[in-house]
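Understanding the architecture of this molecule
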Amino acid sequence: MSGFMRHDRRARFLLLAVYLLVHVTACVSTIQDPVTFSTAADLAVNEVPLCGNLGLANDEKVYILDADENQVLLTVYSDYLPGDAYYRSEGYSSYSKKIIVYNWTAGEIAAEYELRTDAFCTDGILADDGFLCVFLEPGGEDLYSAKIVHITFDLQAETIFACQTYNIAYHVPEIISLKDGAFAFTYYHAGENTFGIQAGSLAGGIAPVYTASDADEFIGTELSGNGAQFLYYVYRNGKPSLLVGDQSSVLSTLTLEDSQSMHSFCLTGEYVVAALQDQSKAALKDEVCLFDFSGELLLRQPYDVLFRMKFDKSGGIFAIDMKYNAYSILFQPGTDDAAISRRKLDVPNESAIFYPINRQSCLISSGSSQPRLLEVSAQNR
């Protein structure tokens, strides 16, 4: 009898073990990777309340600077009017009244920094203890003062960089976030006739990464990044070039052809993407080129003109075309028939600026003056 009982227990134990193995295997097989911009069948678009929650006056406008999973950094500004001392018919002709951190998930203002200055905030990024902003302050007729200011949530302000520059968009510093609290920014110092990139962190300080003094090598201050590295467009040794670097150094230089004129450029997690115009023949040809970080050409394909390209933090980019259509674009180099695929986003045909949050969510500033804030999601909500 006791032998039968022992055998029965063994049988039941084996059956239980088999059941658990099958059950766990079934559960594991049903666990799927999260849907991202690279894998989603559809991309949903929803409007996020913004300008109506800011208490704006009729003459006040909004420019979004940066965004993360909970917050949007923006400036509230007004335009100078003809007859004002700092009114300009060309270049920037506005002044910022406030810098606001807006909690877009809760629909409320989280922090507000009032400004009493003639300067306009042209760019900015969120930081752990506050934010960093680029201010362009009127000076003489030609030279303006550009400053990068660190502002904490308890509203303490410190200038960490300053230079003289021109009131032209592509001469004004741009700033991007890198990993672990680091950041990088471009500048054009008209007073010293130098330009380049500096990088670092608030804790460790900033230092030059690339510096040049030949004005003929300067193209602009536009800067792209993927969260770890930056991408900068410049003439180097007389050739149009793209510099890939991090907070410490320039890692590689991608040399373009003399006949290639840049529309837009972008750094993803895997590729350098350049929307170019080939001027080597009588008939101009717009194209997209894909490089790896070492400069090897992976893809060169005739394509529509693309602007405002931004890494989607998944595997592709967001961009707009000449008619302000907005797209999610994926790349598959080595695939002849579908090396570039795109999906049109269901957003208005207006000026759009992209602020990718993560692999599944991206905010879009749509329109000017008092823009709509839209969220593109890889997951239906």
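Residues numbered from 1 in each chain as written. Predicted model: local features only at pLDDT ≥ 70, side-chain atom pairs only at ≥ 80, totals over all residues. Heavy atoms only, no water.

1. Some details on the overall build of the protein chain
When helices and strands are counted, the protein chain shows 1 helix and 28 strands. Counting over 381 residues, the protein chain shows a buried share of 47%. The contacts in the protein chain between residues at least 6 apart in sequence include a share of 44% that link residues at least 24 apart. For the protein chain, the computed accessible surface area is about 18700 Å², with 48% contributed by carbon and sulfur atoms. (Helix = DSSP H or I, 4+ residues; strand = E, 2+ residues; numbered from the N terminus. Buried < 20%, exposed > 50% of the residue type's maximum accessible area, 1.4 Å probe, protein only. Contact = heavy atoms within 4.5 Å. Areas by Shrake-Rupley, 256 points an atom, 1.4 Å probe, with all protein chains shown as cover.)

2. Quick notes on the confidence of the model for the protein chain
Per-residue confidence for the protein chain gives a mean pLDDT of 90, with 90% of residues at or over 70. Here residues 1-7 is modelled with pLDDT under 50, and outside its nearest four sequence neighbours on either side it reaches 0 contacts, counting other chains as well. Contacts for the low-pLDDT stretch residues 13-22, under 50 throughout, to residues beyond four places or in other chains number 0 contacts. (pLDDT = per-residue confidence, 0-100.)

3. With respect to the sheet that holds strand β13 (residues 205-212)
Strand pairing in a sheet takes place through backbone hydrogen bonds and is either antiparallel or parallel in direction. The strand order across the open sheet formed by 4 strands is β10-β11-β12-β13, and the pairing between neighbours is antiparallel. Each end of this open sheet is capped by a strand with a single partner; those strands are β10 (175-177) and β13. Averaged over all pairs of adjacent strands, the angle between their axes in this sheet comes to 20°, without regard to strand direction. Pairing of strand β11 (residues 182-189) with strand β12 (residues 194-201) involves 8 bridges; the strand directions are antiparallel. Residue pairing in the sheet places Thr186 in a bridge with Ile197 of β12. (Pairing = 2+ DSSP bridges. Axes fitted to C-alpha atoms, helices over the stretch in contact; angles between N-to-C directions.)

4. Considering the packing of aromatic side chains
Counting across every chain of the model gives 14 aromatic pairs. Residues Tyr166 and Tyr188 carry aromatic rings whose centres are separated by 6.1 Å and whose planes lie at 35° to one another, so their mutual orientation is tilted. Placement of Tyr166 in strand β9 (residues 157-166) and of Tyr188 in strand β11 is noted, with a sequence separation of 22 residues between them. We classify Tyr166 as partly exposed; its relative accessible area is 31%. With relative accessibility at 8%, the residue Tyr188 sits in the buried group. Each ring, one from Phe195 and one from Phe218, has its centre 5.1 Å from the other, and the planes form 65°; the classification is edge-to-face. A residue pair is termed long-range when its members are at least 10 positions apart, and Phe195 in strand β12 and Phe218 in the loop between β13 and β14 (223-225) qualify at 23 residues. As far as burial versus exposure is concerned, Phe195 and Phe218 are alike and both buried. Between the NZ or CZ atom of Lys310 and the centre of the ring of Tyr355, over which it lies, the distance is 5.6 Å. Across from the ring centre of Tyr327, 4.2 Å away, lies the NZ or CZ of Arg342, which sits over that ring. (Phe/Tyr/Trp six-rings, centres within 6.5 Å; stacked < 30°, edge-to-face > 60°. Lys NZ or Arg CZ within 6 Å of the ring centre and 35° of its normal.)

5. Quick notes on the environment of Glu60
Along the chain, Glu60 falls in the loop between β1 (44-48) and β2 (61-67). Glu60 has contacts with Gly55, Val76, Tyr77, Ser78, Lys97 and Gln370, leaving out every residue within four places of it along the chain. Polar side-chain contacts of Glu60 include one of 3.4 Å to the side chain of Lys97. (Polar contact = N/O pair within 3.5 Å; in protein donor to acceptor, adjacent residues only side chain to side chain.)

6. As for the sheet that holds strand β22 (residues 307-311)
In space, the 4 strands of this open sheet follow the order β22-β23-β24-β25, with antiparallel pairing throughout. Among the strands making up the open sheet, the edge pair consists of β22 and β25 (340-344). Looking at each pair of strands side by side, their axes are set apart by 25° on average, direction ignored. Here 4 bridges tie strand β23 (residues 317-320) to strand β24 (residues 326-331), and the two strands are oriented antiparallel to one another. What sits directly across from Ile320, in β24, is Ala326.

7. Some details on unusual backbone geometry
The backbone phi angle of Asp180 is positive, close to 55°, even though this residue is not glycine. Tracing the backbone through its elements, the reader meets Asp180 in the loop between β10 and β11. By relative accessible area, Asp180 is classed as exposed at 75%. One non-glycine residue with positive phi stands out, namely Asn237, at about 55°. Assignment of secondary structure puts Asn237 in the loop between β15 (230-236) and β16 (239-245).

8. A short note on the pattern of salt bridges
If you walk through the whole model with that rule in mind, you get 12 salt bridges. Notably, a salt bridge pairs Glu112 with Lys98, separated by 3.4 Å at the nearest N-O pair. Taken together, the residues Glu112 in strand β5 (residues 108-114) and Lys98 in strand β4 (residues 94-103) connect sequence positions 14 residues apart. Classification of Glu112 as partly exposed rests on a relative accessible area of 29%. By relative accessible area, which is 19% here, Lys98 ends up buried. The salt bridge partner of Glu137 is Lys147, with a shortest N-O separation of 3.6 Å. One end of the pair, Glu137, is in strand β7 (residues 130-137); the other, Lys147, is in strand β8 (residues 143-152), and 10 residues separate them in sequence. Through salt bridges that share partners, Glu257, Asp278, Glu287 and Arg300 make up one connected network. (Salt bridge = Lys/Arg side-chain N within 4 Å of Asp/Glu carboxyl O.)

9. As for the side chain of Arg88
In this structure, Arg88 sits in the loop between β3 (71-79) and β4. Here Tyr144 takes part through its side chain, which lies 3.2 Å from a polar atom of the side chain of Arg88.

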